[in-house]
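Each chain, letter by letter, is given below.
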Amino acid sequence: MLSDGVVEDIVGARVLAGIQMVNISRLSTHPVPITARGLITVAGQGPSDSNGAGKSSFIAGLSLLHADEQWRLQSGAQAAAELLFTAELAGQEAMHANADRGYLIGVFVPPQAATMEELNASALTVWLRINRQSPHVELRWAHRLHVPFGDTEDERAGGADGLWDALPRSNGRTDIRANRLARTLYGSTVRCVSFLSTSVRASPTANLLAQPLNELTPERIFEAIGALTGLTAEIEQEQKSRAEEYEQAGKAERAEAEYELWDGRMKVVEDGIASRERARTLLAEARDSWRGRCARYLVDGFHESERIAVDIEAKDRRRKELDAQIETAGGEVDRLSDDKAFDESCRTRIKAYEDLKAAETALQDEQNQNVGSIETLSGQLRGLRTDAASADGRTVEQAEEEISEAEKLSQAAERVKGRTEHALRVAKAALSAAERGEDVAVAQVRLLRANGITAAPLVDTISLTEQQRPAWEARLLPYRHAVAVAHHQVGDAVLLLAALPGSLLVEADPSDHMPGTGLPAAADPNLPVARFLAALAERAGADGHIDPVAGVHGIAGLPEALTGRAGRIRAAQDQVEEAAGEDTEADEGIREAKRIKGRADAHLRGAKAEAEATAVRDKVTKLRDRNSAIERELNELDGPLRQAKIGYEAALGERAARAQQIETANRTLNNLRKELGENRDQWRALLQLRKDLDLPRLQAQWTGTVETAEQYLLTLDENEAIRPPGEWDELCAGLANEVRAACFPLGDPEQNRPEELRVVDEQRADRRSAAYVRLIPDVLRIVGNFLTDHERVDRENASQIQQERQAKTITLTGAKAALDEARRTSEALRSTTAKAIKAKLRQVSDEFDRLDQTYGGYGGNLDFPEPEAPADPEKPWQWTITPRWRRGEGKPPSSYRLRGNTAQMDDKAVKLVCAAALAGAQDRPLLLVLDELGRNLGAAHRRDAVALFENIGRDRAISVVGALQDDMERYAIGASSLYIKLRRPSDVMPYNQAPVVIGSEADTARVQLLSDWMTSFRPEPQT
């Protein structure tokens, strides 16, 4: 039953302004400010993602603080203990113990309180203590700010017990428990509805936002709305009442079964007594009826025989008349059916019209097909004209020639690019070799050094000044690929370099002495080649003669120094830069060739489109010419077709009239033939009927004349005097059977019947035989003798049974009275509950209609027929709800089962949840708690759903609290009135860090005010 009467309501019109939780899961003890209306999103940051941050525990605590009925408060809210900190679940069993108790502290203020002074003056602090052992929930409160305080978690948690003890007990010497929590805090008004699908507070109730609305059955939708509006308790109360009714029915059934068991045994005896008593009464009546029956049969048989004779004569006369009428009607049918000229005329006119009509239809079909083709070709033509604009006046041949030239340019650019890439790779390789010192006599130096011989390129062992370069570079040219080897290792080097024919070795001096002056300096002190240089200087002549005797000249003037690695590296770098520049120019050439090729391709596509457009225009012209010709043919055909139609309709009318005449004549002939056959059958039946009367037999049964039978009938009352013979037979047979059945009931042992009666029964077994009625006097005689013999014994047995029945009836009456009372109570409760449920669902339907029209829809309603209550008390009273809404303005509502777009389904689900919440909240502020908000919504719809919750919440004084998954957070932050993020970055931490709380632009100041106010609390010092 819905709550009524005067109840407590200490919260009144206040709204939740802040909440603190102590020893609740792993949540921080920091106070969290709460806004009064709109969307409040709860996000999380656990060790890896949002899981493990405590979102579910936080919103579950909010729902318990607002007395959500899903906690089964009437049963003690045992599940609330699961909210407490459990060390094993937190992975902290080695360092921390389980919390035996924890606190949910809510601060409620009027929504209009806007300053510290107003908040302090109107604050109500509600404390719920949650115990691991029973009682699981206890309530206390104070009409002031009274919350845990301190700078650390330990200080706030450690002072909570003392603050609780300072509060007065809420129920005198004890505290109010869970069963009175909702009534004490909020009276009869629902202040919280929730969808909690979490391990903390698992609920079997369907979540309208967790799966597509059209995948839920009407039964599951009712369960969800019933939970939101508090109707679930009404269904459970009705089921309990039905169970009590069932229990009383069982007791009454057992009492009745015991009575019926005894009564069944006695009924056999009583039935026998009553049947025999009734048989005595029926016996006299049956004898009188048999005599009246015989008189009636004789008198009626005599008069019937006279009447039949008259009817036979009339049938003879009518048969002769019918023969003459049949002959006349047959001639008329033959005359109407044989008219060949009429049939030919009708066929000619009908065929002429049908041929012309077929020709007209064929022309119209061709014309319609041509119109469709013209429309299709016109669409193609528009597209082709657009493409043809890119041809710039070129023909297909010109465009193809342009493409051929562009391809040649592209191929040439690609060949240049290949050469420049190769040159660049070669230059880079040379630079790399020079930087490594492997650009001169590479193979010889590697081989010698690998075998432990001191060796280096000759040019790397010599250092030339700028003044020395002109003369010495010419002298060293023949030796630019020679290798300098230490004096004592020359022999080994020669043996090794035998594998590299063409190698040139220079023997280094055995000492550092550099004879003479003006010789180049040694660049490598390990391999001095002064003797070699001195020998070159002695042989050299002037002006580039490096060996005048042999007539060898050297041409110097190299751009870079021949000796020293730095010079060769600079030279290699210059070559790389030059090759890179050429390669860049090749890239630009390729890009230019591609641009030319792209323009040529566009010109070719345009030219082809222009050619195709010309062909399409020719087709359209031909089709239009053909339609003009068809129009002329149709105009020429119009006159003959109208004339042919007139003849066609006239022919159909004449044919129908002739068919009607033939049908009428045939019907007349058939009726006459049918009447003749019926006449003959009736005539034969009358002859047989007069024979079947058997007047001699009837007179023998009466044992008198017809006159005496007529006199006897005059002595009967009015109904008996006019009773027909058949009814006399049924009456006599029925009375005889009743007498026999009353004396010997069905199922009575066969040996109880007299032997003579068994013989008569066998003869009367076939009700269609004459013996069934003829043996009635024998049955009456045998039964009469039997009844006379049992009259005294029947009187004694009836008296004893009556005394026992009186005692047993008293017991049965008491059980039935208790059942009637339970049934009336159950029916009254069911009727009242049905009215309350329908009234509540009408409120939800009206709210749904208003919300849908207010926020972008066309309105809707709910269909909720009242179901029959099940007989089984174990089954709940299953109601159904079918949401319906209009798909357009002025359209009738259609079922939610019709396929629609996903966004519309999600939009209606959100509005349906809010409508149910508003219907349950009446005129007080409401908290709507949703776990995993938007879990089923797609990315495009989540933003709309969040915005819709925010708008409805602000407009209708609802605070919608939604826990978010990771991928929902970015949709909700900007659209929420309040954003709360719970944080626990590591599993090592036993408790969360301080939550992040951010208000919207409109609520930032209030959130800061509430936060400053709650954290400023300090208890007044004790005096």
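One can find the structure itself at the top, above this paragraph.
These figures come from a predicted structure and were not determined experimentally. (Residues numbered from 1 in each chain as written. Predicted model: local features only at pLDDT ≥ 70, side-chain atom pairs only at ≥ 80, totals over all residues. Heavy atoms only, no water.)

(A) Seen up close, the packing of aromatic side chains. Going through the model one piece at a time under the given rule, you end up with 10 aromatic pairs. Both rings, one in Tyr-103 and one in Trp-164, keep their centres 5.8 Å apart while their planes meet at 45°; by these two values the pair is tilted. Here Tyr-103, found in strand β4 (residues 101-109), pairs with Trp-164, found in helix α5 (residues 160-166); they are 61 residues apart in sequence, far enough to count as distant. Across the pair, exposure class does not vary: Tyr-103 and Trp-164 are buried alike. Note on Phe-222 and Trp-879: the rings are 6.2 Å apart at their centroids and 20° apart in plane angle, and the pair reads as stacked. Here Phe-222 is found in helix α7 (residues 218-229), whereas its partner Trp-879 is found in the loop between β16 (860-863) and β17 (882-885), with 657 residues between them in sequence. Taking the relative accessible area as the measure of exposure, Phe-222 reaches 5% and is therefore buried. Connected via pairs of aromatic rings, a cluster forms that spans Tyr-103, Trp-127 and Trp-164. Arg-291 extends its terminal NZ or CZ atom over the ring of Tyr-712, reaching a point 5.4 Å from the ring centre. Geometry around Tyr-297 places Arg-293 over its ring, the cationic atom sitting 4.1 Å from the centre. (Phe/Tyr/Trp six-rings, centres within 6.5 Å; stacked < 30°, edge-to-face > 60°. Helix = DSSP H or I, 4+ residues; strand = E, 2+ residues; numbered from the N terminus. Buried < 20%, exposed > 50% of the residue type's maximum accessible area, 1.4 Å probe, protein only. Lys NZ or Arg CZ within 6 Å of the ring centre and 35° of its normal.)

(B) Geometry of helix α12 (residues 469-476). Burial analysis of α12 places six of its eight residues in the buried class, the great majority of the element. Three or more residues of α12 are buried, namely Arg-469, Trp-472, Glu-473, Ala-474, Arg-475 and Leu-476. On its buried face, α12 is in contact with β10 (462-463), α14 (530-539) and β14 (545-547). (Contact = heavy atoms within 4.5 Å.)

(C) Fine view of the sheet that holds strand β18 (residues 894-895). Strand order in the open sheet made by the three strands is β16-β17-β18, with antiparallel pairing throughout. In this open sheet, the two strands that pair with only one neighbour each are β16 and β18. Of the strands in this sheet, β16 and β17 touch helix α22 (residues 776-854), which is tilted by about 155° from β16. (Pairing = 2+ DSSP bridges. Axes fitted to C-alpha atoms, helices over the stretch in contact; angles between N-to-C directions.)

(D) How the structure looks around the packing of helix α8 (residues 231-337) against α22. In the contact formed by α8 and α22, the axes pass within 4 Å of each other and the chain directions differ by 160°. The orientation of α8 with respect to α22, classified from their angle, is roughly antiparallel. The way α8 lies across α22 gives a crossing that is left-handed. Counted by class, the contact of α8 with α22 contains 29 nonpolar, 10 polar and 19 charged residues. (Parallel < 35°, antiparallel > 145°, perpendicular 65-115°, else oblique. Left-handed = near helix turned anticlockwise from the far one by under 90°. Nonpolar A, V, L, I, M, F, W, Y, C, P; charged D, E, K, R; others polar.)

From the geometry alone we can't say anything about function, so treat these as descriptive.
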